[in-house]
Amino acid sequence: MRNKIFFTALALLLISLAASSQTARSVVSRHKGIYNGQPINYKAVVKEFYFSPDSGGAVAASAITTSYIKENAGAERPVVFVFNGGPGASSSPLHMNALGPWRIKQGKDSATLIENPYSLLDLADLVFIDPPGTGFTKVLDKKAAGKYWDVKGDAELFIELIKNWK
């Protein structure tokens, strides 16, 4: 039940981020779990970033990060930025099937969210990146956002996002 409530709340928060506003927003929640045998208190942060292909130009699109940050870990803790290639590939397979603190357990006729004891959260903070056009991101100017749907533009967006994360 706790899993369903957590991810229902997360989904609703993400949907609210996808509203038409161009004001970057973030949502924070706090959690605990056991990862590789280590109990960890962490915060989950969903954050929106806006991008313009021309400096000073109109906003073309947003990208969204979902971060898992260990509480009281100190400034020297490593951060792993996770994305699924691209351009235009969501981080959800890596998030929900591999590295995130929760994963999907597929049954014969159903799927269940379970803690992922093999998540890297015991070793590093995790930042999952969804580029424009994936997940709950927004495309506000399809023509201008086209810059981000090639390898060079995708890479430039990721570099800018990583520089501005936190």
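A few points on the structure. (Residues numbered from 1 in each chain as written. Predicted model: local features only at pLDDT ≥ 70, side-chain atom pairs only at ≥ 80, totals over all residues. Heavy atoms only, no water.)

Going through the model one piece at a time under the given rule, you end up with six salt bridges. For Lys147, the salt bridge goes to Glu156, with nearest N and O atoms at 3.2 Å. Given a relative accessible area of 32%, Lys147 falls into the partly exposed group. (Salt bridge = Lys/Arg side-chain N within 4 Å of Asp/Glu carboxyl O. Buried < 20%, exposed > 50% of the residue type's maximum accessible area, 1.4 Å probe, protein only.)

The strands making up a sheet associate through hydrogen bonds between their backbones, and the pairing can be parallel or antiparallel. Taken in spatial order, the five strands make up an open sheet running E1-E2-E3-E7-E4, and their pairing is mixed. On the outer flanks of this sheet lie strand E1 (26-35) and strand E4 (79-82), each paired with one strand and no other. On average, each strand axis in the sheet is inclined to that of its neighbour by 20 degrees, with strand direction left out of account. Two strands pair when backbone bridges link them, and strand E2 (residues 38-51) and strand E3 (residues 61-70) are joined in this way by 10 bridges, in the antiparallel orientation. Across the sheet, the residue bridging to Glu48 is Ile64, located in E3. Contacts between helix H2 (residues 92-99) and the sheet are confined to E3, E4 and strand E7 (125-130), with E7 contributing the most and set at about 145 degrees to the helix. Strands E2, E3, E4 and E7 of the sheet are contacted by helix H4 (residues 151-164), whose axis makes an angle of about 125 degrees with E2. (Pairing = 2+ DSSP bridges. Helix = DSSP H or I, 4+ residues; strand = E, 2+ residues; numbered from the N terminus. Axes fitted to C-alpha atoms, helices over the stretch in contact; angles between N-to-C directions. Contact = heavy atoms within 4.5 Å.)

Tracing the sequence through the fold places Asn116 in the loop between strand E6 (111-115) and E7. If near-sequence neighbours (up to four positions away) are discounted, Asn116 is found in contact with Tyr35, Ala98, Leu99, Gly100, Pro101, Trp102 and Arg103.

Across five bridges, strand E5 (residues 102-106) lies against E6 in antiparallel orientation. Across the sheet, the residue bridging to Lys105 is Thr112, located in E6. As consecutive antiparallel partners, E5 and E6 are separated by four residues.

What follows covers the environment of Ala60. Following the sequence through the fold, Ala60 ends up in the loop between E2 and E3. Accessibility expressed as a relative area gives 0% for Ala60, which makes it buried. Through-space distance from the C-alpha of Ala60 to that of Leu140 is 5.1 Å; in sequence the pair is 80 residues apart. Those residues in contact with Ala60, other than ones at most four positions away along the chain, are Phe51, Ser52, Pro53, Lys138, Val139, Leu140, Asp141, Ala144, Ala145 and Tyr148.

With that settled, consider the packing of aromatic side chains. The final tally for this structure, using the stated rule, is six aromatic pairs. Each ring, one from Tyr42 and one from Tyr68, has its centre 5.9 Å from the other, and the planes form 70 degrees; the classification is edge-to-face. Placement of Tyr42 in strand E2 and of Tyr68 in strand E3 is noted, with a sequence separation of 26 residues between them. You'll find Tyr42 and Tyr68 in the same group, each marked buried. Ring geometry for Phe51 and Tyr148: centres 6.2 Å apart, planes at 65 degrees, overall edge-to-face. Here Phe51 is found in strand E2, whereas its partner Tyr148 is found in the loop between helix H3 (142-145) and H4, with 97 residues between them in sequence. Note on Phe51: relative accessible area 3%, which makes it buried. Taken together, Tyr35, Tyr42, Tyr68 and Phe128 form an aromatic cluster joined through their ring pairs. (Phe/Tyr/Trp six-rings, centres within 6.5 Å; stacked < 30°, edge-to-face > 60°.)

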